[in-house]
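These are the residues of each chain, in order.
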Amino acid sequence: MVMDLVTNSALGPVMEVISQTIEAIIEITVASDNVSTHKKSFAQLSSYLNKLIPLLHELKTKHISSSSQGLSNFLEILNHETREAKKLIRDCTERNRFYLLFNCRSIAKQIESITNKIIHAINCIPFASMTISFEIKEDIESLVTTMHNAEFRTAIAEEEILERIELAIQERNVDRSYANNLLFSIAKAMGVSTDPSELKRVFDDFKGEIDNLQTRKDKAEAMQMDQIIALLERADAASSLEDREKKYLNKRRSLGVQPLEALRSFYCPITEEVMVDPVETPSGHTYERSAIVKWISETNEPSSPITSSPLDCSMLRPNKTLRQSIEEWNERNTMILIASLKSRLSLGEDAEVVHSLEQLKNLCEEKEMHREWLILENYIPSLVELLRVKNRDIRNRALQILCLLAKDNDHAKERIAKVENSIETIVQFLGRRIGERKLAVSLLLELSKCLSVRDCLGKVQGCILLLVTTLSNTDPQSSSDAKDVLDNLSYSDENVILMAKNNYFEHLLQRLSSGSDQVKMTMAKILAEMELTNHNKLFLVENGVLDILLVLISCDVVEMKVVAIQALLNLSTLKKNGQEMIKKGLVRPLLDILYRQTSSQRLRELVASTMVHLALSTVPPDSDPTPVLMLESEEDVSELCSFISLTSPPLQQNILRAFHAMCQSRSSDIVKSKLREHSAAQMLFRLCEVDDDITLRANAVKLLSCLTEDGDESETTVTEHITQNSIENFLKIIKTSENEDEIASTLSIIATLPKSTQISNWLLESVNLNTIFSLLLDSKNSNIHQKPKLIENAVGATCRLTVPTSLELQKKVAEANIIPLLVKFLEIGTTALTIKRASVSLAQLSSNSVMLTRQISRRHSFWCFSPLPEPACTVHGGICTVESSFCLLEAEAIQPLMRALTNPDQDVCEAALDALLTLIDNELLQNGCKVLDAANAIPVIIRLISSSSPRLQEKVVCSLERIFRLVEYKQRYGNSAQTALVDLTQRGNNRLKSLAAKVLAQLNVLHDQSSYF
């Protein structure tokens, strides 16, 4: 003993003991970090021991003698307790963690005992007779106070687990779910993995340790641990299904096949039914608790029903022995019943099968243990087979039972999945009536919670599609369950892709946002390649896909940029998405890639294609009512325009298409102005002459058409760059191109050519001029409603060919027999613009009719031998034909033009009126009025006074002023015009007021000196 060493006055052994103790304390400090339980308590203990080291060092340094009995006792006790602490720490580090948890209260008491004994050891030190420094004495006094106040308790989580274990052992009736939760709680508290295989390993180690306890004859502790093992063995991870199945079948076979009658003692004397919660009275009689409590509460002077002795609720005591006997009897009979019902499922009639299933369902709902027994009796294959029968009641009940068996039971889920075609059969229920669908999706939800089963679900054809369809189910529970199933299946990228292909994008968006780079690239590629509906495109943008893709296109990996822009390209085909992309600032990054990403031509082409879609999104209809500027600055327009000349044809084509779309947007005026400022027309004229890339040429023609359609500004643009070669090239395009849009755009350019004599001569000299006429004539043999834009622009080109200043061009038009066609277009024109342009062409032609009409020659002397004279034109007084004088009467254009006056489009009305008014120009007034009167056109003209167009009103009033110069028409139509004219004097602009007043003066309604003049 240490004491023997100390009391022998041998200083050497004392110093050795002190050194051993210091080393032991240091070892305790290091080892306390590795304990599996009570870390905080062991840290406290090691802290207390460390504070003794300065005292031990001083004893050793000053060679203080141990002749004092008190000092000897201190050293002996301290040395012993440090060894005990080391042993306890070693146990708490090396022994099974479950075992340590179940002994955590004992461990806390041991730590407390060691601490108290160290306090006792310190109190043995005779400080008064020793030369110990004052500081150390003060520290030791403070340490003793701290140790006295120390409390070593079990952690709250561990204490709760122990209480749950004690309650479960006391109650005895613990199901598998309770055991599972308890085992997981133990694992979590002790830092053990909850993986089933790891849990089983640790639990098996624990059982082996208990076997060692029994070998060491530590019977009391071993018995307590056996109870805990019996409790936890009900958990799934604690024992294999095969072990439980073997144990169950051995027990069930030992019971026989006939149920036992209940003993008389099992019945309550009051209810005469088998008791569930039996309680005993002082007289020794047992009743059902609820029955005796009710008996007592309803009696004024409560007494025992049998002995009549006084009785109250406080006297009742649980009859645990009888309750256990009843539960064992119930278990025995239930086992036998479950075993007997199985054969009836395959051999019975439908009604018997339904009844048996109902019994099984009730048993499953009653206790989890009953569900376990059904699994162990191998009911699952039989129940899956019943899902395939015709009887709906049988199918529904089989589904209900499978749902109950699968709930929180991975073994049951695995058994269901192993039955051949079981998952396929369950999935088919998703397409059936709402009741079956609801049960099926509930079962699939349970199956999807099992890692080993969920792999099967995604592979079943149609499963994900039907689940996505179920999301829109009217039953909220089915919809919620379907979403949870999809969430569980989203662990797999393949499943996520399949969900997206079936219009469910939630998990694809998550992967795209937070997956690895490779996963992001995969998801973006899927998004790029999918054929999305407009609804899905809108959904994706509304749910934040643009922000994600914007991040991806900013990364340094070219492949990532490519798939991200492909996805944007796919989404941008919907106009609303394109507008949102512009608002999100996508254009700037796209331009940066276009200008700077020279390493990947494919990437730049995708960018250019995307920009086309963005530009198209700004074109009405369906564009944002507020103009959206795709290119916000002049520098952007200039830079992109300049880039056309510096890049390859595929990029040129798409940039031209983008500009063409922007020129049709609500901000077209701004874009066109900027393009003109940067001399885009010069480049476009050059590209229009490219013959080896007809697609590029077509896009250039279409953009040039946009830039030349705006009156004076476009005339300047064309005049600066047009040449005779250009004219010839445009006419050649009309003749040779197979692209209808290109032809229409070329015709539009010709329609807007300046009306100079030089350009008219170039047109006249072209060998391809007849191409325009052929195009119009061919329309007679085809359905013009199928080509409205083409006909519209062809008639527009005719307007340019019929300018009054070029009589030769007009004659070309007439000789080609185009005038009758123009009259036809007045009636069947597919667009208002076609009718307007036909009217304009006829007006321009008619303006030269008076000059072209052939005067009738005078008769010779022998007039009786001369042929009869040709009839003179009613308007022009000479010989008129359509071909020679372009006469509207000969062309039978009066009635069609008059009907055009009623067109709702005011520009059409104005053009038709201009054409009709050529009949009353100058000296033609008298004859022309007769023709208009005969056609009943004057009342129609009068009604146009109420037009919404001031310019049209002005022309109408001026025409009436000429017509009313003739008395007969003033008298005939003056009254009908008065009201509208008076209204003009009140509401019109100053010029209209004056003109209306002048006509009213003609009609003698106003005095010539009126203030209106």
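Along each chain, residues carry numbers from 1 onward, in the same order as the chain's sequence is written. Local features in this predicted model are restricted to residues of pLDDT 70 or higher, and side-chain atom pairs are both shown and tallied only at a pLDDT of 80 or more, whereas totals for entire chains, interfaces and linings draw on every residue. As a rule here, side-chain values cover all heavy atoms of the structure and leave hydrogens and water aside.

## Notes on the overall build of the protein
Thought 1: Helix and strand labels come from DSSP, where a helix needs a run of H or I of at least four residues and a strand needs a run of E of at least two; each type is numbered from the N terminus. If you tally the helices and strands in the protein, you get 57 helices and three strands.
Thought 2: Its C-alpha atoms put the protein at 175 × 90 × 65 Å along the principal axes.
Thought 3: Taken across its 1013 residues, the protein has 51% of its residues classed as buried.
Thought 4: Note on definitions: a residue-residue contact is assigned when non-hydrogen atoms from the two residues lie within 4.5 Å. Partitioning the intrachain contacts of the protein with sequence separation of at least 6 by distance along the chain shows that 69% fall at a separation of at least 24.
Thought 5: With an accessible surface of roughly 48,200 Å², the protein has 49% of that area assigned to carbon and sulfur atoms. Using a 1.4 Å probe on the protein chains alone, a residue whose accessible area is under 20% of its type maximum counts as buried, one over 50% counts as exposed, and one in between counts as partly exposed. The method behind every accessible area is Shrake-Rupley, applied with a 1.4 Å probe, and residues are considered shielded solely by the protein chains displayed.

## Quick look at a negative patch on the surface
Thought 1: A patch is a set of surface residues, each over 30% in relative accessible area and not in a salt bridge, joined within 9 Å for like charges and within 5 Å for the nonpolar side chains Val, Leu, Ile, Met, Phe, Trp and Tyr. Salt bridges are identified by distance alone: a Lys or Arg side-chain nitrogen within 4 Å of an Asp or Glu carboxyl oxygen. Charged residues are defined narrowly, with Lys and Arg counted positive, Asp and Glu counted negative, and His plus the chain ends left uncounted. Just so you know, the charge point we use is NZ for Lys, CZ for Arg, CG for Asp and CD for Glu. Together, Glu135, Glu138, Asp139 and Glu141 give the surface a local cluster of negative charge.
Thought 2: Mapping Glu135 onto the fold places it in helix 8 (residues 134-149).
Thought 3: Glu135 gets classed as exposed once you look at its relative accessible area, which sits at 52%.

## A look at helix 32 (residues 575-583)
Thought 1: Within helix 32, burial applies to Asn577, Gly578, Gln579, Met581 and Ile582.
Thought 2: Each element contacted by the buried residues of helix 32 is listed here: helix 29 (534-542), helix 30 (545-553), helix 31 (558-571), helix 33 (587-596) and helix 34 (601-616).
Thought 3: Looking at the residues trailing helix 32, positive phi occurs at Gly585, about 85°.

## Regarding the side chain of Ser304
Thought 1: Among the structural elements, Ser304 can be located in the loop between helix 14 (289-297) and strand 3 (317-318).
Thought 2: A distance of 3.2 Å separates the side chain of Ser304 from the side chain of Thr307, its partner in a polar contact.
Thought 3: Apart from the residues within four sequence positions on either side, Ser304 is in contact with Ser283, Tyr287, Ser309 and Leu311. Pairs of N or O atoms are called polar contacts if they sit within 3.5 Å, as long as, within protein, a hydrogen donor faces a hydrogen acceptor (for residues adjacent in sequence, only side-chain-to-side-chain pairs).

## Remarks on the sheet that holds strand 3
Thought 1: Strand pairing requires that DSSP identify at least two bridges connecting the strands. The strand order across the open sheet built from three strands is 2-1-3, with neighbouring strands paired in antiparallel fashion. Each having just a single partner strand, strand 2 (286-288) and strand 3 make up the two edges of the open sheet.
Thought 2: As defined by bridge partners, strand 1 (residues 278-280) adjoins strand 2 across three bridges and the pair is classed as antiparallel. Within strand 2, the residue paired with Glu280 across the bridge is Thr286.
Thought 3: Only C-alpha atoms enter the line fits that serve as axes; for helices the fit covers just the stretch in contact. Angles between N-to-C directions range over 0 to 180 degrees. Helix 14 contacts strand 1, strand 2 and strand 3 of the sheet and is inclined by roughly 95° relative to strand 2.

## A short note on the confidence of the model for the protein
Thought 1: With 94% of its residues at a pLDDT of 70 or more, the protein shows a mean pLDDT of 87.
Thought 2: In the predicted structure, residues 1-11 sits below a pLDDT of 50 and forms 17 contacts with residues beyond four places in sequence or in another chain. On a range of 0 to 100, pLDDT expresses the predictor's confidence in each residue.

## Observations regarding the pattern of salt bridges
Thought 1: Under the criterion given, the structure shown has 46 salt bridges.
Thought 2: With its nearest N and O atoms 3.3 Å apart, the salt bridge here joins Glu365 to Lys361. Here the residue Glu365 and the residue Lys361 both occupy positions in helix 16 (residues 350-366), the gap between them amounting to four residues, near one helical turn.
Thought 3: Assessed through its relative accessible area of 46%, Glu365 is described here as partly exposed.
Thought 4: A relative accessible area of 15% places Lys361 in the buried class.
Thought 5: When salt bridges that share partners are traced, they join Asp277, Arg289, Arg323 and Glu327 into one network.

## Re the packing of aromatic side chains
Thought 1: Stacked, tilted and edge-to-face are the three classes applied to pairs of Phe, Tyr and Trp rings, where Trp contributes its six-membered ring and a pair requires centres within 6.5 Å; stacked means planes under 30 degrees apart, edge-to-face means over 60, and tilted covers the rest. On inspection of all chains with the given rule, the structure shows seven aromatic pairs.
Thought 2: Ring centres 6.0 Å apart and planes at 55° place the aromatic pair Phe685 and Phe730 in the tilted group. You can see Phe685 sitting in helix 38 (residues 680-687) and its partner Phe730 sitting in helix 41 (residues 724-736), a full 45 residues away along the chain. Neither residue differs from the other here; Phe685 and Phe730 are each classed as buried.
Thought 3: Aromatic ring contacts, followed pair by pair, group Phe102, Phe203 and Phe206 into a single cluster.

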